[in-house]
Amino acid sequence: MAVELCLLLLLLCRSTISEVQPLHKPPPGTLDFGFVPAKTYDTNAYHEPGSIGILFRMVHAFLYLVQPNSFPQDLIKKLAQQKFGNAQGDYQKAIYYEIGFIVSAALGLLFVLFLPLVGLCFCMCRCCDNCGGEMHQRQKKNADCRRGCFATFLFVASLIISIGVLCAYAANQHLTSQVRGAKNLMHSNFKDLRIFLNDTPGQIDYLVSQYNTTKNKAVSDLNNVGPLLGSRVQERFAKEVRPALDAALTMAGAIRETKEALENVSVSVEVLQEGTERLHANLTDVKTHLSNTLSDSACSTAQAASTCNIIRNSLNQLSINANFSGLPGVSTQLAKVNDVLKTDLSSLVQKGYAAFNDTPDLVLNQTKNILSDIKNFLDFIGSNITSFTKMLPVQKVLADLTIYLTQSEAYVQDYFPVVEQYDFYRWLGCLILCCMVILILVFYYLGLLCGTCGYDKHASPTTRGCISNTGGNFLMAGVGFSFLFSWVLMIVVVITFVTGGNVEKLVCEPFEDRTLFKVLDTPYLLNRQWRNYLSGIVLKNPEINLTFEKVYSDCKENKGIYSTLHLENLFNINEFLNISMYTEDVSLKIEHINVNLSNIVLLDEIGKQNLLNFSSSGIDGINFAAYLTEINKSVTKVDLLSFANDLEARADQLPKGALENALKGHANSIRMIHNQQVVPLEQAMSTLYQSIRLLQRTSSELTVKVKHVISAVDAAQLLINNNASLVIIQETKKYMDMIIGYFEQYVEWVKESITMEVAACKPIANVIDTAVDIFLCSYVIDSVNTFWFGLGGCSIFLIPAIICAVKLSKYYRRMDTEDVYDDSVEQW
């Protein structure tokens, strides 16, 4: 069944893929194939015995005392190979291993042989009025002490026998209940096997269907060849192209700024020249009026003379300081820059940007036909997989396996009632054995009860009461039944002890520590022609190292049946998962991608000439020093506001009158001149300063800057023209590796899924655990061993119980004669 199932797995995967190691393998985008569908198995191959487990552990400890030796692998191997006894010492080793069981069984057989014989002799002896059969009791001083001791010992022995029969009864009931419950466990295992069969095709279909995930991702990347491949090509050139175009665009902005600066210089110089002329005339008028005012007779007085002289001496400060009339003009440079601006350099640079940014669209348009062929080829692969899957006899294999499973289940169901019936017979037999012991215990307990309650220490042996005499009779009845039943009990104990103990030591314990599997994996053990039996059965090649232990361990871990059974030796997954036939065609088609970037022009000759014209516009010949010299001067020699405030302060020092008022009027006139003429001139000077500084920065090494911009553009253009084909080949190779990487991911995922998830063989391990560990060892052997353990204890303690009962009955029964003062030793 396993072989057919694995054939199905591998055939379904045959049309998928293989391992191709590209020279360059970039990490492709991770594909999400989801989880292989898997159902949960119902069987829990673990048994917890409950409270009776304490008894099981006690039995295991007792068996370890009886048989502490390790598992005899060598002897078992020789026995299986029919070589046992060929070598000297094999029997000695077997006897040494089984010595505990042999001694125990021998003692049991002695018990079986001698106890009935002793009972027969005892009965005959008593019939002859010997062995306590004479109804005469000699009175002794310690009679009460002896009677109490015998009663106590008998009671203790009866209690131990009671515990033993309870253990045997509990084990008997446990085995019956577990056998009845095994039906559900059996159904659970068959259900899991059916799930295993029914779920596996769905898992395989899922693996095949996930090819669409790979194909869809590949098609998506093919549809986005522009952004993917084109952007990669673009990014390879962007390190050179974008800085060059940015520099050209910056230079275009510098040209516009230069024009604005030249215009500002021209206008500002004109404004300054006109403004300084008006300011000079107004300041001259103010000085004239101040001089006339200071010529007034009021300045001749002693109080005003010094103040008027001070004011008179400061009038020379009222004059302009900067002279803008001698500054050279910039009309020539402005005219040349205007000529340069007739060509829209920014528009030319933007065209270069647009041409370069259209690389993804260019790649997309030039690869439409090839990409269409690749998509059709991917559809062809998918149709091949689908058609090949439909050709496989999936349903036939499933039907055969399902029929086999159904027949097996029907067979078990048909014979399970027979098992239950025989188990009922076993349960009844064990119950009869327990009842035998219980009957003996009933007589002993009744004897102790009647004897103890009816005993009168003041009555003589010949005058004892009826109850006491009845107790003695019960004890002797118990002794009689003990002799009748004990040998039967011991026969059952010996048989179950030897059988159950050896199964526990030779099967259950080696199965638990997997030593049993190591024995089964011994070369040439099960078949003298095959080194490895399991690989010979499954793989038809006994030289392959396929072991029972490894298969069982892998199934316990719920691994896939492919890796568990080493089916790669029948169907190598690397050969069946072969994508080389497909990836080679896809690679060839992708390698045919040829993108032509020769149409990309970053900056044409007109734009370059425009830059050269700007560099020769003459702005570097402007006398910036002359401009800065005048700009750095103040408009007037003195701050008019300060002068006006000082004039007004000195006027306040004069006597009140016309002179004071006239001087204050002149101060206000000076303030008005400052606000209306000096402030605008200062603003014009600031504008002129900014424009001159901008022109100075722009003109600094202007020719070198322009040459660098043109050189950068030419270098970027040369890179595109000369290296485009190489870059396209390299990026196309990476793009191809990315597409093929999706298929390789699919291959690895299929391999891992088939190895670890598809047809996970946990139900097979559960069947083995259920049959051996749970049913045989936990249900049957543990219960059988506990049964003989309890029943054996009962049988052994019957001996002291018989002795104590015989002795004690003499003190309870009514005697025919008595000898009151005889202290001699009692003979019986």
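Residues numbered from 1 in each chain as written. Predicted model: local features only at pLDDT ≥ 70, side-chain atom pairs only at ≥ 80, totals over all residues. Heavy atoms only, no water.

## Focus on the overall build of the protein
Stage number 1. Helices and strands together make up the secondary structure of the protein, namely 26 helices and 2 strands.
Stage number 2. Per-residue burial over the protein gives 46% buried out of 828 residues.
Stage number 3. Pairs at least 24 residues apart make up 90% of the contacts formed inside the protein by residues separated by at least 6 positions. (Helix = DSSP H or I, 4+ residues; strand = E, 2+ residues; numbered from the N terminus. Buried < 20%, exposed > 50% of the residue type's maximum accessible area, 1.4 Å probe, protein only. Contact = heavy atoms within 4.5 Å.)

## Considerations on the packing of helix H14 (residues 466-512) against helix H26 (residues 762-812)
Stage number 1. For the pair H14 and H26, the least separation of the axes is 6 Å and the interaxial angle reads 155 degrees. One finds that H14 runs roughly antiparallel with respect to H26. Regarding H14 and H26, the two cross each other, and that crossing is left-handed.
Stage number 2. Taken together, the residues of the contact of H14 with H26 sort by class into 30 nonpolar, 12 polar and 4 charged. (Axes fitted to C-alpha atoms, helices over the stretch in contact; angles between N-to-C directions. Parallel < 35°, antiparallel > 145°, perpendicular 65-115°, else oblique. Left-handed = near helix turned anticlockwise from the far one by under 90°. Nonpolar A, V, L, I, M, F, W, Y, C, P; charged D, E, K, R; others polar.)

## Things to note about the packing of aromatic side chains
Stage number 1. This structure, assessed with the given rule, holds 19 aromatic pairs.
Stage number 2. Considering the side-chain rings of phenylalanine 511 and phenylalanine 517, the 5.6 Å spacing of their centres and the 50 degrees angle between planes classify their relative orientation as tilted. Comparing phenylalanine 511 with phenylalanine 517 shows no difference in burial state: the two are buried.
Stage number 3. Ring geometry for phenylalanine 775 versus tyrosine 779: centroids 6.1 Å apart, planes at 70 degrees, classification edge-to-face. Here the residue phenylalanine 775 and the residue tyrosine 779 both occupy positions in helix H26, the gap between them amounting to 4 residues, near one helical turn.
Stage number 4. Residue phenylalanine 775 is classed as partly exposed on the basis of its relative accessible area of 30%.
Stage number 5. What links up through ring pairs into an aromatic cluster is the set Phe62, Phe101, Phe497, Trp788 and Phe789. (Phe/Tyr/Trp six-rings, centres within 6.5 Å; stacked < 30°, edge-to-face > 60°.)

## Quick word on the nonpolar core
Taken as a class, soluble globular proteins show a tendency for nonpolar side chains to be buried jointly.
Stage number 1. Counting 135 residues, the largest nonpolar core has Leu290, Leu318, Leu602, Tyr627, Leu663 and Ile670 as its most contacted members.
Stage number 2. Among the elements that line this core, the one with the most residues is helix H7 (residues 225-294), at 23 residues.
Stage number 3. Contact partners of isoleucine 670, with chain neighbours within four places excluded, come to Val286, Leu290, Leu318, Leu640, Phe643, Ala644 and Leu647.
Stage number 4. Listed in part, the 50 residues of the second largest apolar core include Ile440, Leu441, Leu448 and Ala805. (Core = buried A, V, L, I, M, F, W, Y, C linked by side-chain atoms within 4.5 Å.)

## Section: the packing of helix H5 (residues 143-209) against H26
Stage number 1. Relative to each other, H5 and H26 sit at 165 degrees, their axes nearing to 7 Å. On the basis of the axis angle, H5 is roughly antiparallel to H26. Regarding H5 and H26, the two cross each other, and that crossing is left-handed.
Stage number 2. Grouping the amino acids of the contact of H5 with H26 by side-chain chemistry returns 35 nonpolar, 11 polar and 4 charged.

## With respect to the pattern of salt bridges
Stage number 1. Inspection of every chain in the model, using the stated rule, returns 7 salt bridges.
Stage number 2. Residue aspartate 554 pairs with lysine 550 through a salt bridge whose shortest N-O separation is 2.7 Å. Taken together, the positions of aspartate 554 and lysine 550, both in helix H17 (residues 548-556) and 4 residues apart, correspond to about one turn of that helix.
Stage number 3. Of the residues examined, aspartate 554 reaches a relative accessible area of 3% and is grouped as buried.
Stage number 4. On the basis of relative accessibility, which here comes to 38%, the residue lysine 550 falls in the partly exposed class. (Salt bridge = Lys/Arg side-chain N within 4 Å of Asp/Glu carboxyl O.)

## Some details on unusual backbone geometry
Stage number 1. Even without glycine at this site, arginine 514 takes up a positive phi of about 65 degrees.
Stage number 2. By the element assignment, arginine 514 lies in the loop between H14 and helix H15 (515-520).
Stage number 3. A residue is classified by how much of its surface remains accessible, and arginine 514, at 24% relative accessible area, is partly exposed.
Stage number 4. Despite not being glycine, asparagine 558 has its phi angle at roughly 60 degrees, a positive value.
Stage number 5. Here asparagine 558 is to be found in the loop between H17 and helix H18 (561-564).

## Description of the confidence of the model for the protein
Stage number 1. On average, residues of the protein score 77 in pLDDT, and 82% of them are at 70 or above.
Stage number 2. Element-level pLDDT for the protein is lowest in helix H1 (residues 2-13), with a mean of 36, against a maximum mean of 90 in helix H2 (residues 53-66).
Stage number 3. Across residues 1-28, where pLDDT falls below 50, the model places 89 contacts with residues more than four positions away in sequence or in other chains.
Stage number 4. Across residues 821-828 the pLDDT falls below 50, and counting only partners more than four positions away or on other chains, this stretch makes 15 contacts in the model. (pLDDT = per-residue confidence, 0-100.)

## Section: the side chain of asparagine 189
Stage number 1. By the element assignment, asparagine 189 lies in helix H5.
Stage number 2. At 2.8 Å, the side chain of asparagine 189 and the backbone oxygen of leucine 185 are in polar contact.
Stage number 3. In this view, asparagine 189 contacts Thr43, Asn766, Val767 and Thr770; residues no more than four positions away in its chain are not counted. (Polar contact = N/O pair within 3.5 Å; in protein donor to acceptor, adjacent residues only side chain to side chain.)

## Section: the state of the cysteines
Stage number 1. Counted under the stated rule, the structure contains 2 disulfides.
Stage number 2. A sulfur-sulfur distance of 2.1 Å marks the disulfide that ties cysteine 508 to cysteine 777. Between cysteine 508 and cysteine 777, the S-S torsion sits near -100 degrees, and that sign places the bridge as left-handed. Remark: cysteine 777 occurs in helix H26 and cysteine 508 occurs in helix H14; sequence separation between them is 269 residues.
Stage number 3. Between cysteine 555 and cysteine 761 runs a disulfide, and the two sulfur atoms are separated by 2.2 Å. On the sign convention where negative is left-handed, the bridge of cysteine 555 and cysteine 761, at about -110 degrees about the S-S bond, is left-handed. Taken together, the positions of cysteine 555 in helix H17 and cysteine 761 in the loop between helix H25 (702-756) and H26 put the pair 206 residues apart, joining distant regions of the chain. (Disulfide = S-S within 2.5 Å.)

## Quick look at the environment of phenylalanine 474
Stage number 1. If you trace the backbone, phenylalanine 474 turns up in helix H14.
Stage number 2. Take phenylalanine 474: its relative accessible area is 23%, and that puts it in the partly exposed class.
Stage number 3. With 24 residues separating them in the primary sequence, phenylalanine 474 and cysteine 450 have C-alpha atoms 8.6 Å apart.
Stage number 4. In this view, phenylalanine 474 contacts Phe443, Leu446, Gly447 and Cys450; residues no more than four positions away in its chain are not counted.

## Quick word on H5
Stage number 1. For H5, with 67 residues, the first-to-last C-alpha span of 95 Å sits near the 99 Å given by 1.5 Å per residue.
Stage number 2. At glycine 181, H5 shows its largest bend, some 30 degrees. (Expected span 1.5 Å × (residues − 1). Bend = angle between axes of the 7 residues up to and from the residue.)

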